[in-house]
Amino acid sequence: MLALFGGKPVRSTPFPTWPIFGAPEEQRLLQTLRSGQWGKLDGLEVAEFEKRFAALHGCKHAIGVVNGTVSLRIALLAAGIGAEDEVIVPPYTFFSTASAVIEANAIPVFADIDLDTFNIDPRAIKSAITPRTKAIIPVHFAGQIADMDAIMSIAKEHDLVVIEDAAHAHGASHHNRPAGSIGHMGSFSFQSSKNLTAGEGGIITTSNDDLAEACRSIHNCGRVTGGIWYEHHVFSGNYRLGEFQGAILNCQIDRLEEQTHTRHDNGKYLSSLLDDLPGLHMQKRPPEATRHSYHLFMLRLDPALFGAPRNSVLRALEAEGIPCSAGYGLSLPDQPMFRNKAFGPYLPTASGRLDYRESCCPNSDLVCEQCIWLEQNLFLGSRADMDDIAAAFEKIYEHRDSLKAGARSTTATEAR
Ligand SMILES: Cc1ncc(COP(=O)(O)O)c(C=O)c1O
């Protein structure tokens, strides 16, 4: 019997928790505290982390900033994107990928995702291009790098800037090239849930000296290298990452390689275990996606083929001891902010051109309806943990009829 209806759960032991930290973080934080050098411009922690992060991601430069939303905005501003410009983004992503475009005073244009990889579809990008298109922000969703071969060739043909939103993709690679080194710039987040975290934080990567200089200036109140303190060259603000976060990140980055390896192996293994269950569509891994960082293990459940509704399966998985979620409930163009163009002071004129109620992203809508997310910390354990997850899915599949009956009785109760 399913645990949801009183049966014994597949699993009663917890999965690894997140974040993982220990004596190195404690010591380094204390050292920073005692140094009295708490700001980026006073200390050495952020500077050291920037160097290490850039090297690990195959880039010449990295600029640490306060979060992964601001990093996108700064990258757009550094690339000269502004009023009247259009930037192509996927509809299945976190709000920031598109809100950062609005904060750069430009217009996000949605291009649907591919139903197999859950990443932006290059064919949809091509159809979204207009004479006003200036940039593309592909998201490496869940930690699998988007189809960057096709995206970079479209960008070259149309002279577009590519900013990789790699908020999920620390340590991931494509043809063995690291995330953040394939486009003109990369943007990462260190927010609490991310595979590399300091609670909050973000970073921009690039190998282009001019773009790096522009990002440095924008994240530091428009100052320029060699300029004086109260001299501001461009409109911007203070978006500098702090030294306490730098200290934590310098310890977390020591753990990243091994953790990414473990997540990658476990994710691949779980995918192979679930592949034969009817109605489960795992995120398809093309051969060029050489390393998946499994920020999320993501799959789409077709209720007709699986034989039970997605939301009931989510409840059943939780009851079996497998933490999971439905992910985003809406594609971004369906969010009230876009529908109502509640853009605050931005885009007073240019936004008149677009009506997001007309955006058509059926693949993204379907993924919102059918998706199941398992978070990265589940993949830091053992293969036996993966066996448990697979066993829970198999058990639910075997008892799928009871879920349909359960769903019917719940609906009946709700109706009363
Ligand atoms: C795909 C994506 N882009 C950007 C961000 C924004 O990062 P932050 O929360 O650090 O601003 C997130 C964060 O959740 C994200 O998932």
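Quick caveat: nothing in here was measured; it's all calculated off a predicted structure.

A. The overall build of the chain, seen in detail. Per the secondary structure count, the chain includes 14 helices and 12 strands. A compact globule built from 416 residues should have a C-alpha radius of gyration of about 22 Å, and the chain, at 22 Å, falls within 12% of that. Oriented by its inertia axes, the alpha-carbon framework of the chain measures out at about 70 × 55 × 45 Å. A burial count over the chain gives 54% of its 416 residues as buried. The contacts in the chain between residues at least 6 apart in sequence include a share of 72% that link residues at least 24 apart. For the chain, the centre of its 38 positive side-chain charges and the centre of its 49 negative side-chain charges are spaced 1 Å apart.

B. Structural detail: the sheet that holds strand E12 (residues 371-375). Spatially, the 3 strands line up as an open sheet ordered E10-E11-E12, and their pairing is antiparallel. Each end of this open sheet is capped by a strand with a single partner; those strands are strand E10 (280-282) and E12. Neighbour to neighbour, the strand axes of the sheet diverge by 30° on average, direction disregarded. Of the strand pairs in this sheet, strand E11 (residues 296-301) and E12 are connected by 5 bridges, and their pairing is antiparallel. Pairing of Leu296 across the sheet is with Glu375, part of E12. Of the strands in this sheet, E10, E11 and E12 are in contact with helix H8 (residues 243-274), which crosses E11 at around 15°.

C. Molecular detail of the confidence of the model for the chain. This prediction gives the chain a mean pLDDT of 95; 96% of its residues lie at or above 70. Across residues 410-416 the pLDDT falls below 50, and counting only partners more than four positions away or on other chains, this stretch makes 0 contacts in the model.

D. Structural detail: the pairing of strand E1 (residues 61-65). In terms of residue burial, E1 counts as a mostly covered element, since 5 of its 5 residues are buried. Every second residue of E1 is oriented toward a common face, with His61, Ile63 and Val65 on one face and Ala62 and Gly64 on the other, all of them buried. Inspection of the sheet shows E1 paired to strand E9 (residues 202-206) by 5 bridges, in the antiparallel sense. Pairing of Ile63 across the sheet is with Ile204, part of E9.

E. Region of interest: H8. For H8, spanning 32 residues, the distance from its first C-alpha to its last is 43 Å, which sits close to the expected 46 Å at 1.5 Å a residue. In the structure, H8 departs most strongly from a straight axis at Leu256, where the bend amounts to approximately 40°.

F. Representation of helix H12 (residues 362-370) within the structure. All of the buried residues in H12 are Ser364, Val367, Cys368 and Gln370. On its buried face, H12 sits against E11, helix H9 (303-306), helix H10 (310-319) and E12.

G. The arrangement of unusual backbone geometry in detail. A cis amide bond links Trp18 with the next residue in sequence, Pro19, at an omega value of 5°. Relative to the elements of secondary structure, Pro19 occurs in the segment before helix H1 (23-35). Non-glycine residue Asn105 carries a positive phi angle of around 65°. Considering the arrangement of structural elements, one finds Asn105 in the loop between helix H4 (96-103) and strand E3 (107-110). Judged by its relative accessible area of 27%, Asn105 is partly exposed. Although it is not a glycine, His175 adopts a positive phi angle of roughly 50°. Inspection of the secondary structure puts His175 in the loop between strand E6 (173-174) and strand E7 (177-178).

H. Local environment of the site of the ligand. For the ligand, the set of nearby residues contains 15 residues, the closest of which are Gly68, Thr69, Asp165, Ser189 and Lys194. A distance of 2.5 Å is found between an oxygen atom of the ligand and a side-chain nitrogen or oxygen belonging to Thr69. Ser189 has a polar side-chain atom sitting 2.7 Å from an oxygen atom of the ligand. In the complex, 91% of the free accessible area of the ligand, which totals 390 Å², lies under the protein chains. For the shell around the ligand, the class distribution of residues is 3 nonpolar, 10 polar and 2 charged.

I. Representation of the pattern of salt bridges. Within this structure, the stated rule accounts for 15 salt bridges. For Arg123, the salt bridge goes to Asp121, with nearest N and O atoms at 2.8 Å. Where Arg357 meets Asp355, a salt bridge forms, and the shortest distance between an N and an O atom there is 3.0 Å. A relative accessible area of 25% means that Asp355 is categorised as partly exposed. Linked by salt bridges that have partners in common, Arg11, Asp385 and Asp388 make up one network.

J. The arrangement of the sheet that holds E3 in detail. Across the sheet, which stays open at both edges, the 7 strands sit in the order E1-E9-E8-E5-E4-E2-E3 with mixed pairing between neighbours. The sheet is open, and its two edges are formed by E1 and E3, each paired on a single side. Taken over all neighbouring pairs, the strand axes of this sheet differ in orientation by 25° on average, direction set aside. Pairing of strand E8 (residues 185-189) with E9 involves 4 bridges; the strand directions are antiparallel. Pairing of Ser187 across the sheet is with Ile204, part of E9. In the packing of helix H2 (residues 45-56) onto the sheet, contacts are made with E1, E8 and E9, and the angle to E1 comes to roughly 130°. Contacting E1, E8 and E9, helix H7 (residues 209-218) crosses the sheet at an angle of about 15° to E1.

K. Structural view of the pairing of strand E2 (residues 86-89). Side-chain alternation along E2 places Glu86 and Ile88 on one buried face and Val87 and Val89 on a second face that is also buried. As defined by bridge partners, E2 adjoins E3 across 4 bridges and the pair is classed as parallel. Paired with Glu86 across the bridge in E3 is Ile107. Remark: the E2/H4/E3 crossover connection has right-handed handedness. Here 3 bridges tie E2 to strand E4 (residues 133-136), and the two strands are oriented parallel to one another.

Reading guide: rules and limits
- Numbering of residues starts from 1 in each chain and follows the order in which that chain's sequence is written.
- With the structure being a predicted model, the display of local features is reserved for residues of pLDDT at least 70 and the display and counting of side-chain atom pairs for 80 or more, all residues being used for whole-chain, interface and lining totals.
- Water and hydrogen atoms were dropped before computing side-chain values, which therefore reflect all heavy atoms in the structure.
- Helical segments are the DSSP runs of H or I of at least four residues, strand segments are the runs of E of at least two, and each set is numbered from the N terminus.
- With C-alpha atoms as the basis for the radius of gyration, the globule rule is written as 2.2 Å multiplied by the number of residues raised to the power 0.38.
- Relative accessible area decides the class of each residue, using a 1.4 Å probe on protein chains only: under 20% of the type maximum gives buried, over 50% gives exposed, and in between gives partly exposed.
- Contacts are assigned to residue pairs with any non-hydrogen atoms lying within 4.5 Å of each other.
- All tallies of charge rest on Lys and Arg as positive and Asp and Glu as negative; His and the ends of each chain are not included.
- Charged groups are reduced to one reference atom each: NZ for lysine, CZ for arginine, CG for aspartic acid, CD for glutamic acid.
- Whether two strands pair depends on DSSP finding at least two bridges between them.
- To obtain each axis, a line is fitted to C-alpha atoms, and for helices this fit is confined to the stretch in contact; angles are then taken between N-to-C directions over 0 to 180 degrees.
- By definition, pLDDT measures how confident the predictor is in each residue, and it falls between 0 and 100.
- The span one expects for a helix is its residue count, reduced by one, times 1.5 Å.
- Bend, at a single residue, is the angle you get between axes fitted to the 7 residues ending at that residue and the 7 residues starting at it.
- Nearness here has a simple test: a residue counts as near a molecule or strand if at least one of its heavy atoms is within 4 Å of that partner.
- Two N or O atoms form a polar contact when they lie within 3.5 Å of each other; inside protein one atom must be a possible hydrogen donor and the other a possible acceptor, and for residues adjacent in sequence the pair counts only when both atoms belong to side chains.
- Method for areas: the Shrake-Rupley scheme with a 1.4 Å probe, in which residue coverage is limited to the protein chains shown.
- Charged residues are taken to be Asp, Glu, Lys and Arg, nonpolar residues to be Ala, Val, Leu, Ile, Met, Phe, Trp, Tyr, Cys and Pro, and polar residues to be all remaining types, Gly included.
- The salt bridge definition used is simple: a Lys or Arg side-chain nitrogen within 4 Å of an Asp or Glu carboxyl oxygen.
- A crossover gets the label right-handed when its path from the first strand over the helix to the second runs clockwise, viewed with the strands pointing away from the viewer.

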